[in-house]
Amino acid sequence: MYLGLDLGTSGLRGIVVDDGGRVLADAEAGVETSTPRSGWSEQAPSDWIKACQKVVVQLRQANSAAFSAVRAIGLSGHMHGATLLDHEGSVLRPCILWNDTRSASEAAELDGSTGMREVTGNIVFPGFTAPKLEWVRVHEPEIFEKVSKVLLPKDYLRFWLTGEYISDVSDSAGTAWLDVGRREWSDTALELGHMRRDQMPQLVEGSAVGGQLRTEILQSWGLTGPVLIAGGAGDNAAAACGIGSIQEGTGFLSLGTSGVLLVAKESYAPAPETAVHCFCHAVPDRWIQMGVILSATNSLNWLSRNVGQPVSALASALPDRINGPSDTTFLPYLSGERTPHNDSAIRGAFLGLDIAADPKALTQSVMEGVAFAMRDCLEALRGTGTTPQSLLVVGGGARSRFWLETLATALNTPLALPKGSEFGAATGAARLAVCASERADPKDIMTPPDISEVILPRTELCDGYDDAYERYRQYYRALSPLSVQR
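Source: prediction; values computed, not measured.

**What about helix α5 (residues 129-139)?**
Taken across its 11 residues, α5 has eight buried, putting it largely inside the fold. Where α5 is concerned, the buried positions are T129, A130, P131, K132, L133, E134, W135 and V136. Next to the buried residues of α5 lie β6 (83-85), β7 (95-96), α3 (104-111), α6 (141-144) and β8 (149-151).

Shown next, in the form of structure tokens:
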């Protein structure tokens, strides 16, 4: 048996699978996020450990026989978070998360440094790890002086599980300290960010061994050792493993809290000028290109809170079939935006509101705004020469037929729905555990799912959505100069 642990922004999910990939137990536990100031987003690393302990209790209760046979663990987690430890391994401050925008000026300065983009292959976004440490250096120097190690969120969980400082290359690619082409720490990038190599964890491939479960935890969990820990992956690379996207040109669209359009590559293909992320994949000799928007289903959650209706009620009020775009345009920049704008100051807006607009109309507008933001990502990927012919679609937003048809038509790209539901980051983490434990070839383990249905673009409506998308782009260009700098 193999355990996959996915540390998401809102909570930790764990699944136990057998060697055929069949899920025998699953469990979740929530994690709270604090926002002490506008644009700030933090979590207490101790809460990740508590969530892991809760999940393990639930898994053992759900299927004690399966859990007791676990021989390897895979880890996945939200990327870019800065977990700062002193020389004793104690946490120095709350972890600054991926969606925290306080370090926008530090990011811009690092991004403009000679050699930074050339080494890392990416724009230095405010959400990345390196500018967070620059912010701490400037604003919390007494803490910066004590930093002995910087760990990403899932790797702090690994530190608790194993006592070792280890990370994988896919997650570390989002720090802005990694030479993404060479898959190793860059002394140039570290020096530009006032960091040292000894403050970094050891690097491994995601499908390789990345530690061993401590004896105390083995005993408390009722396991017979040894239990290996795989290198694991950042959440999107793990999701790609879970859905079988490791071969050239295969990819997916994820409608989660954030939105991701990811395509696997067999070669390193950076294009930072497009604001497309180019990271290492979780398996050797593979990379990924991603367009990322910061608020996908989170935009619908925001609308739900403000109109006082559950997301399910808002979504179910819309028909299954689209009949053309709304006259109201929604810009989903509730926390700024990454691809293609790299704009931490821009904020969301409804434009063209009519006195007759009701929650149903606003819901349609929100779904279309997210679809147009994903179209921005697709156009950015096309600008690098990557043009997916179809995409698998995953995430909570994939439950809305109206949203799926909107996306397929706005992107003019078929969207394939996988059969079953177990294709997320936890599944990818479990698959990486299999590879690490059994020394298996990832191509034999990271297989794509069967397809239950393909949502085709409504070709007769594509022109109308193209026009609405162009209006969406013009609204951004008009509003961006008016943004309040935060």
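Now, onward.
**So, the pattern of salt bridges**
For the structure shown, the criterion picks out 30 salt bridges. One salt bridge connects D100 with R102, and the closest N-O pair in it is separated by 2.8 Å. For the pair D100 and R102, one class covers both residues: buried. Between K443 and D441 there is a salt bridge; the shortest N-O distance is 3.4 Å. Via salt bridges that share partners, E42, R93, D100, R102 and E140 belong to a single interconnected network.

**Things to note about the nonpolar core**
Core analysis: the biggest nonpolar cluster contains 60 residues, and L84, L133, V150, W177, M195, F252 and L432 have the highest contact counts within it. By residue number, the principal contributor to this core is helix α11 (residues 235-242), which donates five residues. Residue contacts for M195: discarding those within four places in its chain leaves L133, F144, V150, W177, L190 and M200. One finds V263, F330, L351 and V393 within the second-largest nonpolar core, a separate group that totals 49 residues.

**Details of the packing of aromatic side chains**
As enumerated under the stated definition, the model contains 17 aromatic pairs in all. Of the aromatic side chains, those joined through ring pairs into one cluster are Y333, F372, Y469, Y472 and Y476. Above the ring of W40, the side-chain terminus of R102 is found at 3.6 Å from the ring centroid. Between the NZ or CZ atom of R183 and the centre of the ring of W287, over which it lies, the distance is 4.9 Å.

**Things to note about the pairing of strand β1 (residues 2-7)**
Most of β1 sits out of view: six of its six residues are buried. By the alternation rule, side chains of β1 split into Y2, G4 and D6 and L3, L5 and L7, which are all buried. Pairing of β1 with strand β5 (residues 72-77) involves six bridges; the strand directions are parallel. Counted as the bridge partner of L3 is I73 from β5. Relative to strand β2 (residues 11-17), β1 is paired through six bridges, and the arrangement is antiparallel. By the bridge assignment for β2, L5 is matched with G14. Connecting β1 to the antiparallel partner β2 that follows it, the hairpin turn spans three residues.

**Structural notes on a nonpolar patch on the surface**
Together, I451, V454 and L456 make up a nonpolar patch on the protein surface, roughly 260 Å² of accessible area in all. Inspection of the secondary structure assignment puts I451 in strand β24 (residues 451-455).

**Things to note about the packing of α11 against helix α16 (residues 425-438)**
At their nearest, the axes of α11 and α16 sit 7 Å apart, and the two run at 75° to each other. By the angle class used here, α11 and α16 are roughly perpendicular. Where α11 approaches α16, its residues D235, A238, A239, C241 and G242 are matched on the opposing element by A425, T427, G428, A429, R431 and L432. Taken together, the residues that form the contact of α11 with α16 break down as six nonpolar, three polar and two charged.

What counts and how
Residues numbered from 1 in each chain as written. Predicted model: local features only at pLDDT ≥ 70, side-chain atom pairs only at ≥ 80, totals over all residues. Heavy atoms only, no water. Buried < 20%, exposed > 50% of the residue type's maximum accessible area, 1.4 Å probe, protein only. Helix = DSSP H or I, 4+ residues; strand = E, 2+ residues; numbered from the N terminus. Contact = heavy atoms within 4.5 Å. Salt bridge = Lys/Arg side-chain N within 4 Å of Asp/Glu carboxyl O. Core = buried A, V, L, I, M, F, W, Y, C linked by side-chain atoms within 4.5 Å. Phe/Tyr/Trp six-rings, centres within 6.5 Å; stacked < 30°, edge-to-face > 60°. Lys NZ or Arg CZ within 6 Å of the ring centre and 35° of its normal. Pairing = 2+ DSSP bridges. Patch = residues over 30% accessible without salt bridge, like charges linked within 9 Å, V, L, I, M, F, W, Y side chains within 5 Å. Areas by Shrake-Rupley, 256 points an atom, 1.4 Å probe, with all protein chains shown as cover. Axes fitted to C-alpha atoms, helices over the stretch in contact; angles between N-to-C directions. Parallel < 35°, antiparallel > 145°, perpendicular 65-115°, else oblique. Nonpolar A, V, L, I, M, F, W, Y, C, P; charged D, E, K, R; others polar.

Honestly, it's all geometry; don't read function into it.
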